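Fold and geometry: a report
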Amino acid sequence: MKSAETPLHKVQGLGASHSGTGHFWRTGVTSIALIPLSLWFAYVMLGLVGTNEVTMVQYLAHPWNAILMAAFAAISLYHMGLGLQVVIDDYVHTAGTKIFLLLLVRAAVIALIATCVFALIRIASV
Amino acid sequence: MADLPQKPGRVRPLSPHLTIWRWQVTMLASIMHRATGMALSAGAIVLTWWLISISDGPEGYDSFMVYAAMPLGILVLFGFTWAFAFHFCNGVRHLAWDLGYGFDKHVASNTGFLVIAVSFILTLAAFALIWTGHAGYLQ
C-alpha cells in the first residue's frame, strides 16, 4: 500500500544536524529580547550594589521588577541552553556522553528557571 | 565523527585547528564569545544563588555576601561583569551580521577591536561608579 506520508515529511530531520534553522532562529530571537532586558539588569545591579537585603526585597517585590527579573533570568537561561548545546555538539563526539550532556543541560535550564521564579515569588510574598 | 568506526591502521586527515592559524581579531572575538558565554553559564548559577539568598531573609543574604564581598568574590564578579559586557556587545555584532551588515573583511576586524575595547570601558566604568560611591542609587 502506498504511504500517505508526503516526500517532504519523509526527509524532514534527516540532515546532518537533524534539524533546520530553528536553533539559529531561537538564539537570535532570545538575544534580541535580551538587549533591553540586559540593559535593565545592569541598571538594577548597579543600583542595588552596596544596599542591604531590605532594599533588595522591596525592589524585587515590586510586580514590574519581579516580572522583568523573571523574564531576564528565564530568557537568559534558555539562551544559555542553546549556546551550551552548540558547545557540546562541537566538542563531544561520543554518542552516549553527548546525549547525556545535552539532557543534563536541558534539565539544568529548567531547574534554574524554576528556582529563579520560585525565589522571586517568595521574595514578593514576604 | 569519532563514534564511527575507522579502518585500523588508516589515519584519516583532520581539518586544521586553532594551533595552525595566525591570530586574527575576528578569530579572537569569536573564541571570546564562546568562552564568555560558557563563563556566564556559571554566572547564571550565581544569579540564581543570589535570588534564593535574598528570598531566605537577612541571614540568607549574609551567607551570599560572605562570598561576594571576599577579594576573590569581587574578582569573580568583575570577571562576570566583563564577560557580560563583551558577550552583549559582540552579540549585537553577531545580530548585525545576521542582518547582512558588517561582514566586509576590514569592517569585521574593526568592529572586533571595537567590541573588545568597549567591553573593557563598560566594565571599568561600572566599577568606577561603584568605587566612587555612585552606585546603589535604588535605595
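Note: the structure precedes this text.
A brief look at the structure comes next.

A short note on the overall build of chain B
Within chain B, the regular secondary structure consists of four helices and zero strands. Put simply, chain B runs from its N terminus to its C terminus through helices and strands in the order α-α-α-α. Taking 139 residues into account, the globule formula puts the C-alpha radius of gyration at 14 Å, and chain B, at 21 Å, lies well above it. In chain B, which comprises 139 residues, the share counted as buried stands at 33%. Long-range contacts, defined as pairs at least 24 residues apart, comprise 67% of the intrachain contacts of chain B with a sequence gap of at least 6.

Quick look at the overall build of chain A
Tallying secondary structure elements over chain A gives five helices and zero strands in all. The order of α-helices and β-strands along chain A, N terminus first, is α-α-α-α-α. Over its C-alpha trace chain A gives a radius of gyration of 20 Å, far above what one expects of a compact globule, namely 14 Å for 126 residues. In terms of principal-axis extent, the alpha carbons of chain A reach across some 70 × 30 × 25 Å. Residue burial in chain A is summarised as follows: out of 126 residues, 34% are buried. Across chain A, contacts joining residues at least 24 apart in sequence account for 70% of those joining residues at least 6 apart. With an accessible surface of roughly 7,600 Å², chain A has 73% of that area assigned to carbon and sulfur atoms.

Some thoughts on a nonpolar patch on the surface
Residues and elements named next belong to chain B. A cluster of nonpolar residues, Trp49, Val66, Tyr67, Met70, Leu72, Leu75 and Val76, forms a patch on the protein surface that exposes about 700 Å² of accessible area. Counting only elements with at least two residues in the nonpolar patch, the list comes to α2 (57-68) and α3 (71-98). No other element matches the three residues that α3 contributes to the nonpolar patch. Position of Leu72 relative to the elements: it lies in helix α3. Take Leu72: its relative accessible area is 55%, and that puts it in the exposed class.

Concerning the packing of aromatic side chains
Think of a pair of aromatic rings as described by two things: how far the centres are apart, and how the planes are tilted against each other in angle. All names here are of chain B. Tallied over the full model, the rule gives 12 aromatic pairs over all chains. Ring centres 5.1 Å apart and planes at 5° place the aromatic pair Trp97 and Phe103 in the stacked group. Residue Trp97 is classed as buried on the basis of its relative accessible area of 14%. Under the relative-accessibility criterion, Phe103 is labelled exposed at 57%. Put simply, the rings of Trp49, Tyr61, Phe64 and Tyr67 touch in pairs and so form one group of aromatic residues.

Here's the deal with the interface of chain A and chain B
Taken residue by residue, the interface counts 46 residues in chain A and 33 residues in chain B. For the pair chain A and chain B, the two sides together bury roughly 3,300 Å², of which 76% comes from carbon and sulfur. Three residues, Leu46, Glu53 and His93 of chain A, lead the burial of chain A against chain B; their summed loss comes to 18% of the area buried on that side. Taken together, chain A and chain B are joined by two salt bridges. Scanning the region where chain A abuts chain B turns up eight residue pairs in polar contact (both at pLDDT 80 or more). For the side of chain A that touches chain B, the secondary structure elements donating two or more residues are α2 (22-48), α3 (53-61), α4 (63-91) and α5 (95-124) of chain A. Residues belonging to the side of chain A that touches chain B are distributed by class as follows: 32 nonpolar, 10 polar and four charged.

Here is what the cut-offs are and how they apply
- Residues numbered from 1 in each chain as written.
- Chains lettered and ligands numbered in written order.
- Predicted model: local features only at pLDDT ≥ 70, side-chain atom pairs only at ≥ 80, totals over all residues.
- Heavy atoms only, no water.
- Helix = DSSP H or I, 4+ residues; strand = E, 2+ residues; numbered from the N terminus.
- Rg over C-alpha atoms; globule rule 2.2 N^0.38 Å.
- Buried < 20%, exposed > 50% of the residue type's maximum accessible area, 1.4 Å probe, protein only.
- Contact = heavy atoms within 4.5 Å.
- Areas by Shrake-Rupley, 256 points an atom, 1.4 Å probe, with all protein chains shown as cover.
- Patch = residues over 30% accessible without salt bridge, like charges linked within 9 Å, V, L, I, M, F, W, Y side chains within 5 Å.
- Salt bridge = Lys/Arg side-chain N within 4 Å of Asp/Glu carboxyl O.
- Phe/Tyr/Trp six-rings, centres within 6.5 Å; stacked < 30°, edge-to-face > 60°.
- Buried area = accessible area lost by both parts, 1.4 Å probe.
- Polar contact = N/O pair within 3.5 Å; in protein donor to acceptor, adjacent residues only side chain to side chain.
- Nonpolar A, V, L, I, M, F, W, Y, C, P; charged D, E, K, R; others polar.

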